[in-house]
Every structure is written in structure tokens, then in C-alpha cells.
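Letter by letter, the chains look like this.
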Amino acid sequence: MKIKIQRQPFDIAREIDAVRSEYVGAISSFLGTVRHVSTTEDSLQKSLKSLTLEHYPLMVDKYLRKIAIFAKSEFKLDKVVIIHRFGELFVKDDIVLIICSSAHRKASLGAVEYIIDNLKTDAAFWKLETFSDSSTEWVCPPPTKTD
Amino acid sequence: MKILYFAWVRTKTGIASEIITTDAKTIGELIEHLIQKSSNYKDAFSDLKGLCFSVNQTFATLETQIKKGDEIAFFPPVTGG
């Protein structure tokens, strides 16, 4: 199990390679990237300069370990990788990578969905958008659970 | 006990963390104590429906009991991923 909360970018190919195994027939992944999130009429008129991710380190670490341990057991995974960045990011930058490996595809696909759905509702991160006119806006969670 | 503030809650209170002494026994009572400190705190806690709380890194409610030595955090709904 690999859980990393870091500023620096990650190497997707290297992370996928690290979970290959003779017992694994399926490797599923999710990659979250930076996009213009806010949907207020005002913000939609402006260009996004950057997205700053703030987090509560102890709470995030505790929670990601909890859901990774649960997913590994529940979906009978071989490996789980969760890497989430913080700090200032720019449009199209990578934010979060989730990789799950298993013998068969149903388990790894289901596990990736479980992890990202729960991360988005309960992992203590917050996003601050900075626009080209230097104004800022904290992102609010979407009204629905899927995004 | 240690109090942490994140995101716009931190912006409104003006501080990221503080150590306080209080007789408050629940999150709700703690908030009542904090809003007495200044108008900044009153503003930060003006809409409790838009706030989340945690005690020792576990989500909490207004009724969650707190004690000396706990780490309590106040923050908006999360937006990770």
C-alpha cells in the first residue's frame, strides 16, 4: 500500500509499473487533473491562473490509509496506490492518482471508484482558485456526489 | 486544547491555529466560547451549516464531546481529488 501526499508531480507510468506482478491481471487507475471548477457567473468570465490545494495533513493521512486498507481487503486487491498533491497547481496539472491492482478487472475497477468517491467527500483538502485578475475564490463541493 | 482553522475559516479568524483553555464540553459549547473572542470569530461561525468540524482528525458534530488535550479543527466542506 502506498499513500503519498506531496507537492511534487508524480510519474504515472512508474507508479503503474511498480504494481505489476505475476498474480495481477488487472491494473485500474484514476487521474484527477486541474480544471476551472467554479461555476459562479462571475468566475466563469475569468481565466483560471492557478489552483492551490490546502490540506489537514494528519486527517488526510489517517483517512486515506483507512479507505486504502478497507479497499484492499474488501476488493481483494494486490496493491493500492493513492498519491495526492497539494500546493499551487496549474490548469491540466495532475492532482490525484489512484491505482488498484487485482487478479481480475471487476475488483480493481470497483476499488478505484470506491476510493475516489470517498476521497472526494471526506478527505480534508480544500481548493482555492486564483484568477488572472488576481481575485480568488474557494471552491464549493458540487451538489451531487459524482464529479 | 489545540484548535485548527482551514481554508476560508482561517482567513476569517485570521489565524491557522491556537491553544485555548475552556470549560466547553462539546463542539457547540466551544463555538459559543470562540465567538466571544472577536467579531472575526463571530463572522467565521455565522453559518454553522456551511462548516465542518473534527475532533482528533475524525469528523464531529456540534454534540461531539471534547476534552483537554483534544485537537479540534474547523473547516468548510472538503473539495479534494
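Residues numbered from 1 in each chain as written. Chains lettered and ligands numbered in written order. Predicted model: local features only at pLDDT ≥ 70, side-chain atom pairs only at ≥ 80, totals over all residues. Heavy atoms only, no water.

Caption draft 1: A look at the pattern of salt bridges. All names here are of chain B. By the definition in use, this model includes nine salt bridges over all chains. Its salt-bridge partner being Asp43, residue Lys12 comes within 3.8 Å of it at the nearest N-O pair. Separated by 31 residues along the polypeptide, Lys12 in helix H1 (residues 7-13) and Asp43 in helix H3 (residues 39-44) bring together distant segments of the chain. Exposure remark for Lys12: the relative accessible area of 32% places this residue in the partly exposed category. Lys67 is the partner of Asp70 in a salt bridge, and the nearest nitrogen-oxygen pair spans 3.1 Å. (Salt bridge = Lys/Arg side-chain N within 4 Å of Asp/Glu carboxyl O. Helix = DSSP H or I, 4+ residues; strand = E, 2+ residues; numbered from the N terminus. Buried < 20%, exposed > 50% of the residue type's maximum accessible area, 1.4 Å probe, protein only.)

Caption draft 2: Local environment of helix H2 (residues 27-34) of chain B. Residue and element names in this part refer to chain B. Taken residue by residue, H2 has Ile27, Leu30, Ile31 and Leu34 as its buried positions. Summarising the axial view, the buried residues of H2 lie within an arc of 100°, below the 170-degree limit, and thus occupy one face. Elements that come into contact with the buried residues of H2 comprise strand E1 (2-5), strand E2 (17-19), H3, strand E3 (52-55), strand E4 (58-60) and strand E5 (71-75). (Arc of directions from axis to C-beta. Contact = heavy atoms within 4.5 Å.)

Caption draft 3: The packing of aromatic side chains, seen in detail. Inspection of every chain in the model, using the stated rule, returns ten aromatic pairs over all chains. Geometrically, the ring pair formed by Phe45 of chain B and Phe74 of chain B is edge-to-face, given 4.9 Å between the ring centres and 85° between the ring planes. Of this pair, Phe45 of chain B sits in the loop between H3 and E3 while Phe74 of chain B sits in strand E5; the two residues are 29 residues apart in sequence, bridging distant segments of the chain. Cluster of aromatic residues (ring-pair linked, three or more members): Tyr56 and Trp126 of chain A together with Phe6, Phe59 and Phe75 of chain B. (Phe/Tyr/Trp six-rings, centres within 6.5 Å; stacked < 30°, edge-to-face > 60°.)

Caption draft 4: Looking closely at the interface of chain B and chain A. Between chain B and chain A, the residue contacts involve 20 residues of the former and 23 residues of the latter. Note on chain B versus chain A: buried area summed over both sides is about 1800 Å², and carbon and sulfur give 62% of it. The largest share of the area that chain B buries against chain A comes from Gln57, Thr79 and Gly81 of chain B, three residues that together contribute 38% of it. There are one salt bridge connecting chain B and chain A. In this structure, Glu54 of chain A and Arg10 of chain B form a salt bridge, with 2.4 Å as the shortest nitrogen-oxygen distance. At the junction of chain B and chain A, the tally comes to eleven residue pairs in polar contact (both at pLDDT 80 or more). (Buried area = accessible area lost by both parts, 1.4 Å probe. Polar contact = N/O pair within 3.5 Å; in protein donor to acceptor, adjacent residues only side chain to side chain.)

Caption draft 5: Focus on the side chain of Asp94 of chain A. Residues and elements named next belong to chain A. The topology assignment puts Asp94 in strand E6 (residues 94-102). Comment: no salt bridge for buried Asp94; closest opposite-charge side chain is Arg85, at 5.9 Å. For Asp94, the residues in contact, after removing those within four places along its chain, are Phe10, Ile12, Leu31, Gly32, Thr33, Arg85 and Leu89. (Lys, Arg positive; Asp, Glu negative; His and termini not counted.)

Caption draft 6: Seen up close, the environment of Ser21 of chain A. All names here are of chain A. The residue Ser21 is located in the loop between helix H1 (12-18) and strand E2 (26-33) in this model. Sequence separation of Ser21 and Asp78 is 57 residues, and the distance between their C-alpha atoms is 8.7 Å. A polar atom in the side chain of Ser21 sits 3.0 Å from the backbone nitrogen of Tyr23.

Caption draft 7: A look at the sheet that holds E2 of chain A. All names here are of chain A. Reading across from one edge, E1-E4-E6-E2 is the order of the four strands in this open sheet, with mixed pairing throughout. Pairing within the sheet leaves two strands with one partner each, and these edge strands are strand E1 (2-6) and E2. When the angles between neighbouring strand axes are averaged without regard to direction, this sheet yields 5°. Note that E1 and strand E4 (residues 79-85) share five bridges and pair parallel. Its bridge partner lying in E4, Gln6 is registered against Arg85. Against the sheet, helix H3 (residues 57-74) contacts E1 and E4, and its axis sits at roughly 155° relative to E1. Most of the contacts of helix H4 (residues 105-122) go to E6, to which it runs at about 145°, and overall it touches E2, E4 and E6. (Pairing = 2+ DSSP bridges. Axes fitted to C-alpha atoms, helices over the stretch in contact; angles between N-to-C directions.)

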